[in-house]
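# Close look at the chain arrangement
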Amino acid sequence: MSKTTVVAPANIAFVKYWGARDTERAIPFNRSISMTLERCHSVCTAEVISEERDQVWLAEPDGGFRAPEPEFDRRVREHLDRLRQWSGRNDRLWVATRNSFPSAAGLASSASGFAALTMAAAGALGKGNAPIEQLSRLARLSGSGSAARSILGGFVEWPAHNVDLNAPDADEKAFAYQIADADHWDLRDVIAVVELGPKVVSSLEGHRRAPTSPYFEKRQEILPERTRLVREAIEEQDLDTLGPLIEEESIDLHMIAMTSKPSIFYWSPGTVAVLKAVSELRQEGLSAWATLDAGANVHVICDPDSEQDVVDRLENLPAVGFLIRDGVGPGPDHDEEHLF
Ligand code: PMV
């Protein structure tokens, strides 16, 4: 049987999805905007098999395979059921996934992982040409809502907040779309990895707890204007406007996490060291801005001219394990090189 392999990138949110109105279906309180990355990606190969049960594997860099953690395994199997139902086919699948970067360390591995799984399984089930809106919507339903954005390249907006939860077509409308392609603006993302372990609390749990923060409502008030400004700064390729907005936004997300009940603290001492270094770089005249998803690692967004200076400064910090140099990318692609 034919195999389908898809490479899907991670994304870094400039306006964050934090708080779900419906955690089951990953319908957020607010719209979000992200930049799709290029080097941080997941590869997934899917093939129809004549067995009674799906086969779910993680591919190791040495060519071996291992079984995923039970929770991830469960989510993948549920997602495969969902994809079967959507495709109208009943075939079981063999799926294997590999990440190009540390999993579950706040580097959006679940977004790229579920985007790649959605597209590879859709291909194996004969729906490789499905409209991008459908694939984005399906990726969202994986539970990792931000996977909806990883289906597209460049700069992506996910406007699911205005969906009426009770409407029969609520699901249909909650997909992401591109606001500018990767060629629009060459932005770089220097990721300072200060912690390698899995994050302390899953983002799914974070979305559940977010509304318990006393500052959550205030954040919702601020977000429409901030989102508009972020979109505009992207359209105008204006880093001096975008930078402060994304840094404030990221600090707000972590403030909500820290003040939700029970509180969630993703930062580590290394996080603070990197944030301080980025602020010093700015005092020296560089345009570099920090943003973090739900984890301790820091994404430093800058233009190509500043990238080397950012790297030189951060790689000498004792708290930084290693750096990943990434940037805006064109989105998922099919690959002829299969994982099995
Ligand atoms: O898609 P999830 O459920 O893994 O949540 C993503 C949460 C953040 O990465 C913190 C923000 C975002 O919009 O990507």
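### As for helix H2 (residues 109-124)
It helps to recall that an α-helix has 3.6 residues per turn; residues three or four apart then point in one direction. Between its first and last C-alpha atoms H2 spans 22 Å; for 16 residues at 1.5 Å apiece the expected length is 22 Å, and the two agree. Burial analysis of H2 places 15 of its 16 residues in the buried class, which makes it a mostly covered element. Gly126 sits one or two positions beyond H2 and adopts a positive phi of about 80°.

### Describing the pairing of strand S10 (residues 188-193)
Counting buried residues in S10 gives 5 out of 6 residues, a clear majority hidden from the surface. With 5 bridges joining them, S10 and strand S12 (residues 298-302) adopt antiparallel strand pairing. Bridge assignment links Asp189 to a residue of S12, and that residue is Ile301. The pairing of S10 with strand S13 (residues 322-327) spans 6 bridges and is antiparallel. Residue pairing in the sheet places Val190 in a bridge with Arg325 of S13.

### Examining helix H9 (residues 269-283)
Over its 15 residues, H9 extends 21 Å from the first C-alpha to the last, a length consistent with the 21 Å expected when each residue adds 1.5 Å. What H9 keeps buried is the set Gly270, Thr271, Val274, Leu275, Ala277, Val278 and Leu281. All buried residues of H9 lie within an arc of 160° about the axis, which places them on one face of the element. Within H9, the exposed residues directed more than 90 degrees away from the buried face are Pro269, Lys276 and Gln283. In this structure, the buried side of H9 is in contact with S10, helix H8 (239-259), strand S11 (288-291), S12 and helix H10 (304-315).

### A word on the domain arrangement of the protein
The extent of an interface is frequently quoted as the accessible surface area lost upon association of the parts. Looking at the assigned domains, one finds that the protein contains domain 1 (4-184) and domain 2 (188-327). Taken together, the contact pairs 34 residues of domain 1 with 46 residues of domain 2. Taking both partners together, domain 1 and domain 2 bury about 3,400 Å²; carbon and sulfur atoms supply 66% of that area. Together, Phe14, Lys16 and Trp18 form the three largest contributors to the area buried by domain 1 at its contact with domain 2, with a combined 26%. Our count for the domain 1 to domain 2 interface comes out at 2 salt bridges.

### Observations regarding the environment of Val7
Assignment of secondary structure puts Val7 in strand S1 (residues 3-15). Taking the C-alpha atoms as reference points, Val7 and Glu71, separated by 64 residues in sequence, lie 23 Å from one another. With sequence-adjacent residues up to four places away left out, Val7 is seen in contact with His41, Ser42, Val43, Pro332, Asp333 and Asp335.

### Re the site of the ligand
The local shell around the ligand holds 15 residues, among which Tyr17, Ser146, Arg149, Ser203 and His207 are the closest. Within the contact set of the ligand, an oxygen atom lies 3.5 Å away from a side-chain nitrogen or oxygen of Asp293. Burial of the ligand by the surrounding chains reaches 95%, relative to a free accessible area of 380 Å². Residues that form the shell around the ligand fall into these classes: 5 nonpolar, 7 polar and 3 charged.

What counts as what
Residues numbered from 1 in each chain as written. Predicted model: local features only at pLDDT ≥ 70, side-chain atom pairs only at ≥ 80, totals over all residues. Heavy atoms only, no water. Helix = DSSP H or I, 4+ residues; strand = E, 2+ residues; numbered from the N terminus. Expected span 1.5 Å × (residues − 1). Buried < 20%, exposed > 50% of the residue type's maximum accessible area, 1.4 Å probe, protein only. Pairing = 2+ DSSP bridges. Arc of directions from axis to C-beta. Contact = heavy atoms within 4.5 Å. Domains from an automatic or database assignment. Buried area = accessible area lost by both parts, 1.4 Å probe. Salt bridge = Lys/Arg side-chain N within 4 Å of Asp/Glu carboxyl O. Near = heavy atom within 4 Å. Polar contact = N/O pair within 3.5 Å; in protein donor to acceptor, adjacent residues only side chain to side chain. Areas by Shrake-Rupley, 256 points an atom, 1.4 Å probe, with all protein chains shown as cover. Nonpolar A, V, L, I, M, F, W, Y, C, P; charged D, E, K, R; others polar.

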